Amino acid sequence: MNWLLQLLGFNPSINRKKRNLAALREKAFQAQRNGNLSLCGKYTLQAEHLETEIFELEAAKKLM
């Protein structure tokens with residue numbers, strides 16, 4: 001069923017969260033590179049929370 005949703009352009013929530021995680025990590029990297037460490041910390045914290053959500057979703061998926 002997931003292959004059909006992906007074919008039609010719908011992405012499961014885990015893939016969407018992984019893309020958001022990559023974007024947050026890139027924003028944190030750019031903020032650190034520009035010397036804005038408080039913004040870097042903010043993005044890093046958001047990325048850590050999102051990463052925890054992804055791990056929990058994948059663990060729940062494996063248990064099913």
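Nothing here was measured: the structure is a model prediction, and the numbers come from that model. (Residues numbered from 1 in each chain as written. Predicted model: local features only at pLDDT ≥ 70, side-chain atom pairs only at ≥ 80, totals over all residues. Heavy atoms only, no water.)

K.L.:
Whenever I open this one, the confidence of the model for the chain confuses me. Can you help?
P.N.:
The predicted structure's coordinates, where accompanied by low pLDDT, should not be read in detail. Here the chain shows a mean pLDDT of 88. Residues at 70 or above account for 83%. When the elements of the chain are averaged for pLDDT, helix α1 (residues 2-7) gives the smallest value, 64, and helix α2 (residues 13-33) the largest, 95. (pLDDT = per-residue confidence, 0-100. Helix = DSSP H or I, 4+ residues; strand = E, 2+ residues; numbered from the N terminus.)

K.L.:
Honestly, the pattern of salt bridges in this entry has me stumped. Any pointers?
P.N.:
Side chains that carry opposite charge are capable of pairing whenever their charged atoms lie near each other. On inspection of all chains with the given rule, the structure shows 3 salt bridges. Measuring nitrogen to oxygen at the nearest pair gives 2.6 Å for the salt bridge that ties E53 to K17. Taken together, the positions of E53 in helix α3 (residues 37-63) and K17 in helix α2 put the pair 36 residues apart, joining distant regions of the chain. Salt-bridge contacts for E51 lead to R25; the nearest nitrogen and oxygen are separated by 3.0 Å. Linking E51 in helix α3 with R25 in helix α2, this pair joins segments that are 26 residues apart in sequence. Of the residues examined, E51 reaches a relative accessible area of 26% and is grouped as partly exposed. (Salt bridge = Lys/Arg side-chain N within 4 Å of Asp/Glu carboxyl O. Buried < 20%, exposed > 50% of the residue type's maximum accessible area, 1.4 Å probe, protein only.)

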